[in-house]
Amino acid sequence: MSSLREKKAWKALTEHHPSIASKHLRDLFAADPDRAERYTLEAVGLRLDYSKHRIDDDSLNHLFALARESDLEAKRDALLSGAKVNVTEHRAALHTALRAPADAHIEVDGKNVVPEVQATLRQMETFAEAIRSQQWKGFSGKPIRHIVNIGIGGSDLGPVMVCQALRHYSDQRLQLRFVSNVDDTDFAEAVRDLDPAETLFVVASKTFTTQETMTNAHTARDWLLQAAGGKIEAVARHFVALSTNADAVTGFGISTDQMFGFWDWVGGRYSVDSAIGLSIMLAIGPARFREFLAGFHAMDEHFRHAPLERNLPVIMGLLNVWYTNFFGTQTVAVLPYEQYLSRFPAYLQQLTMESNGKRVTAEGVTVDYDTGPIFWGEPGTNGQHSFYQLIHQGTRLIPCDFIAFAESLNPLGKHHDLLIANVIAQAEALAFGKTADEVKAEGTPAELVPHKVFEGNRPSSLLLAEKLTPALLGSLIALYEHSVFTQATIWGIDPFDQWGVELGKQLARTVAAEFDGDEAELKHDSSTNAAIRWYRQHRRPV
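Quick caveat: nothing in here was measured; it's all calculated off a predicted structure. (Residues numbered from 1 in each chain as written. Predicted model: local features only at pLDDT ≥ 70, side-chain atom pairs only at ≥ 80, totals over all residues. Heavy atoms only, no water.)

Visitor: Account for the overall build of the protein, with residues named and values stated.
Guide: A tally of regular secondary structure across the protein gives 23 helices and 13 strands. Taken over the C-alpha trace, the protein has a radius of gyration of 25 Å; the compact-globule value for 542 residues is 24 Å, and the two agree within 12%. When the backbone C-alpha atoms are referred to their principal axes, the protein occupies close to 75 × 60 × 60 Å. Burial analysis of the protein (542 residues in total) assigns 53% to the buried set. Restricting the contact set of the protein to residue pairs at least 6 apart, pairs at least 24 apart contribute 73%. Surface exposure of the protein reaches about 23700 Å², of which carbon and sulfur atoms provide 52%. Separation between the mean location of the 53 positive side-chain charges and that of the 68 negative ones in the protein comes to 2 Å. (Helix = DSSP H or I, 4+ residues; strand = E, 2+ residues; numbered from the N terminus. Rg over C-alpha atoms; globule rule 2.2 N^0.38 Å. Buried < 20%, exposed > 50% of the residue type's maximum accessible area, 1.4 Å probe, protein only. Contact = heavy atoms within 4.5 Å. Areas by Shrake-Rupley, 256 points an atom, 1.4 Å probe, with all protein chains shown as cover. Lys, Arg positive; Asp, Glu negative; His and termini not counted. Charge placed at Lys NZ, Arg CZ, Asp CG, Glu CD.)

In structure tokens form, the structure reads like this:
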């Protein structure tokens with residue numbers, strides 16, 4: 001049996017679960033008139049209503065006890081202080097230093113890292129102002145109007161999500177596009193209607209060796225040079241690097257003055273507020289990027305100082321543990337009722353699933369409990385006309401996070417009232433459903449009654465804020481970052497490594513080298529060998 005299952009609070013939750021699992025949310029609300037008020041918490045501009053979860057005071061008390069028995073508070077302090085909490089790579093995970101105030105003092109290996117972070121921010125700001133003011137000119141003397149971010153993983157998902165989320169605040173003279181997939185179609189479509197003389201490429205690769213990113217970067221350079229008559233000096237006017245490999249960057253043709261660095265204590269999926277966010281700063285400007293960072297920091301401070309019982313990310317993380325390990329749920333649906341957040345669920349997929357998709361503890365011991373639920377979702381109200389059917393009447397229990405804002409950034413008549421009415425109604429419908437008696441009372445024919453019954457008792461959180469701003473978005477991202485850390489702490493896993501992405505990449509390099517080889521080189525299984533032979537026969541010569 002694992003050490004987690006031996007914890008006193010875990011055993012208490014195991015004993016408690018059957019009693020709460022047998023209760024319906026209708027009964028919990030009926031028995032507790034103040035439930036909604038007691039299970040609603042406001043902090044850092046966010047209002048979390050978690051009253052529609054299948055919990056009571058005993059559930060919460062046991063969960064908070066489990067957090068303390070798992071040393072969450074001490075491990076949180078270690079994370080925020082720069083300790084090497086990424087144990088398998090012997091690194092700090094100090095993304096919180098990226099948004100700390102300029103006068104903060106945060107040490108890694110005995111060195112205060114804040115001055116370097118602030119210096120990089122100032123370098124980014126100087127460059128962003130040159131682009132946005134049109135002082136920076138391309139090889140033909142034209143200003144930059146198109147920005148293409150080339151990255152993958154956190155170097156793509158973060159910038160693309162935030163640029164979409166904050167599009168309302170962007171300089172509309174600048175057109176941003178993103179290339180991540182090594183599929184040639186991704187690059188071809190991104191630049192199809194662009195003028196190379198007005199295009200800036202932001203190449204995001206810490207080592208400047210990432211296979212997909214550098215394949216796309218070299219294709220971008222060839223595309224530019226063809227338009228610039230092969231003049232290699234044009235590269236320096238149209239490329240910047242988000243990297244720490246000065247030799248490789250220089251060899252590519254980019255001046256180190258246009259190289260924006262970050263540190264090994266910044267994980268890819270936690271890097272959107274580092275130099276990886278240069279595309280964001282180009283879009284929304286330095287001042288609003290600073291607001292974005294301030295929103296992160298506000299949530300960091302809430303996570304650091306709020307008691308567990310009043311701590312937004314702790315509560316959200318513990319609820320995920322509750323459903324994953326005691327109700328056996330496999331997924332969490334994230335449902336933003338805000339079109340600007342259309343890419344937020346995809347961003348969370350990497351943040352949550354790459355962090356907590358682990359089968360061994362930080363000590364290398366195989367777990368005997370579930371970790372890392374699957375995160376997925378789409379913006380409302382679109383999802384209501386597709387997968388909500390399964391959430392409401394399917395056989396799987398799917399906890400939901402609803403996200404909505406009081407104010408529309410693009411008010412048009414009654415649109416926003418209808419949007420918010422839907423999100424509130426969906427949470428109500430999931431919780432309380434509709435009984436057979438209620439369906440019959442509506443005059444429904446007997447044969448249709450079973451089809452129109454809504455069981456209800458489906459849990460959800462309702463996250464509300466006044467308005468989607470750069471600061472609010474920073475707080476929202478940090479909320480989920482710290483929720484992920486809370487879950488990882490309970491499960492005893494390292495949320496900051498990602499060894500699971502390595503094997504497929506290693507094998508891909510081997511397979512690619514064999515496309516031009518001979519039959520004797522194929523030493524895979526019969527299926528893999530057959531696929532290689534098929535591709536050799538059918539591929540188009542390069």
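Visitor: Before we move on, could you go through the nonpolar core and cite the residues and values that matter?
Guide: Core analysis: the largest hydrophobic core is formed by 125 residues, its most contacted members being Trp265, Phe344, Leu473 and Tyr480. Composition of this core by domain shows at least three residues from each of domain 1 (4–69 + 306–491) and domain 2 (95–288). Ignoring any residue separated from it by four or fewer positions in sequence, one finds Tyr480 in contact with Met316, Val334, Phe344, Leu348, Leu351, Phe375, Asp401, Ile403 and Leu463. In this structure, Ile150, Ala217, Ala220 and Ala241 belong to the second largest nonpolar core, which totals 25 residues. (Core = buried A, V, L, I, M, F, W, Y, C linked by side-chain atoms within 4.5 Å. Domains from an automatic or database assignment.)

Visitor: A description of the UniProt feature "active site" (unreviewed entry) in the protein should follow, citing residues and the corresponding values.
Guide: In this structure's numbering, the residues bearing the UniProt feature "active site" (unreviewed entry) are Glu354, His385 and Lys505. Across 152 residues of sequence, these annotated residues are also dispersed in space, with a maximum C-alpha separation of 37.2 Å. On the basis of relative accessibility, which here comes to 21%, the residue Glu354 falls in the partly exposed class. Those residues in contact with Glu354 that sit more than four places away from it in its chain are Arg269, Gln349, Asp497, Gln498 and Val501. (UniProt positions renumbered as here; feature names shortened; annotations may be inferred.)

Visitor: Lay out the pattern of salt bridges with the relevant residues and their values.
Guide: One pass over the structure, following the stated rule, counts 28 salt bridges. For Glu89, the salt bridge identified is with Arg91, shortest N-O distance 3.8 Å. Taken together, the shared-partner salt bridges in this structure form one network comprising Arg99, Asp273, Asp300 and Glu481. (Salt bridge = Lys/Arg side-chain N within 4 Å of Asp/Glu carboxyl O.)

Visitor: Report on the packing of helix H15 (residues 312–327) against helix H21 (residues 470–491), specifying residues and quantitative values.
Guide: At a minimum axis distance of 8 Å, the contact between H15 and H21 shows a crossing angle of 50 degrees. Accordingly, the angle class assigned to the pair H15 and H21 is oblique. Here H15 runs over H21; the crossing is right-handed. Each of Leu312, Pro313, Val314, Met316, Gly317, Leu318, Asn320, Val321, Thr324 and Asn325 in H15 lies in contact with H21, whose residues at this interface are Leu479, Tyr480, His482, Ser483, Thr486, Gln487, Ile490 and Trp491. Split by residue class, the contact of H15 with H21 holds 10 nonpolar, eight polar and no charged. (Axes fitted to C-alpha atoms, helices over the stretch in contact; angles between N-to-C directions. Parallel < 35°, antiparallel > 145°, perpendicular 65-115°, else oblique. Left-handed = near helix turned anticlockwise from the far one by under 90°. Nonpolar A, V, L, I, M, F, W, Y, C, P; charged D, E, K, R; others polar.)

Visitor: So what's going on with the sheet that holds strand E6 (residues 175–179)? Residues and values would help.
Guide: Ordered by their spatial adjacency, five strands build an open sheet running E6-E5-E7-E8-E9, and the pairing between neighbours is parallel. On the outer flanks of this sheet lie E6 and strand E9 (259–260), each paired with one strand and no other. The pairing of strand E7 (residues 199–204) with strand E8 (residues 239–242) spans four bridges and is parallel. Across the sheet, residue Val203 finds its bridge partner in E8, namely Ala241. Its contacts with the sheet place helix H9 (residues 184–191) against E6 and E7, and it is angled at close to 170 degrees to E6. The strands that helix H10 (residues 211–227) touches are strand E5 (146–150), E6, E7 and E8; relative to E7, the one it contacts most, it runs at about 160 degrees. (Pairing = 2+ DSSP bridges.)

Visitor: Account for the sheet that holds strand E11 (residues 374–376), naming residues and giving values.
Guide: The pairing of strands in a sheet happens through backbone hydrogen bonds and is either parallel or antiparallel. Sheet architecture is open: six strands sit in the order E1-E2-E13-E12-E10-E11, paired in mixed fashion. Of all the strands in the sheet, just strand E1 (40–43) and E11 have a single pairing partner and so form its edges. On average, each strand axis in the sheet is inclined to that of its neighbour by 15 degrees, with strand direction left out of account. The pairing of strand E10 (residues 331–336) with E11 spans three bridges and is classified as parallel.

Visitor: If you had to explain the packing of helix H7 (residues 114–132) against helix H14 (residues 286–305) to someone new, which residues and values would you point to?
Guide: The geometry of a pair of packed helices is captured by two quantities: the angle between their axes and the separation between those axes. H14 packs onto H7 with a crossing angle of 145 degrees between their chain directions and a minimal axis gap of 10 Å. Contact with H7, carried on its side by Gln118, Leu121, Arg122, Met124, Glu125, Ala128, Glu129 and Arg132, involves Pro286, Phe289, Arg290 and Leu293 of H14 and no other residues of that element. Here the residues of the contact of H7 with H14 are counted per class, giving six nonpolar, one polar and five charged.

Visitor: I'd like a rundown of the pairing of E10, residues and numbers included.
Guide: The element E10 is extensively covered by neighbouring structure, given that six of its six residues are classed as buried. Alternating residues of E10 divide into Thr331, Ala333 and Leu335 and Val332, Val334 and Pro336, and every residue in both groups is buried. Tracing the backbone out of E10, into helix H16 (residues 344–356) and back to the parallel element E11 gives a crossover that is right-handed. Direction of pairing for E10 relative to strand E12 (residues 400–405): parallel, over a ladder of four bridges. Bridging from a neighbouring strand, Ala333 pairs with Cys400 of E12. (Right-handed = clockwise from strand over helix to strand, strands pointing away.)

Visitor: Which residues make up the environment of Leu409, and what values go with them?
Guide: Topologically, Leu409 is positioned in the loop between E12 and helix H18 (415–432). With relative accessibility at 9%, the residue Leu409 sits in the buried group. Sequence separation between Leu409 and Arg5 is 404 residues, and the spatial gap between their C-alpha atoms is 47 Å. For Leu409, the contacting residues outside a window of four places in its chain are His168, Tyr169, Tyr340, Lys467 and Leu468.

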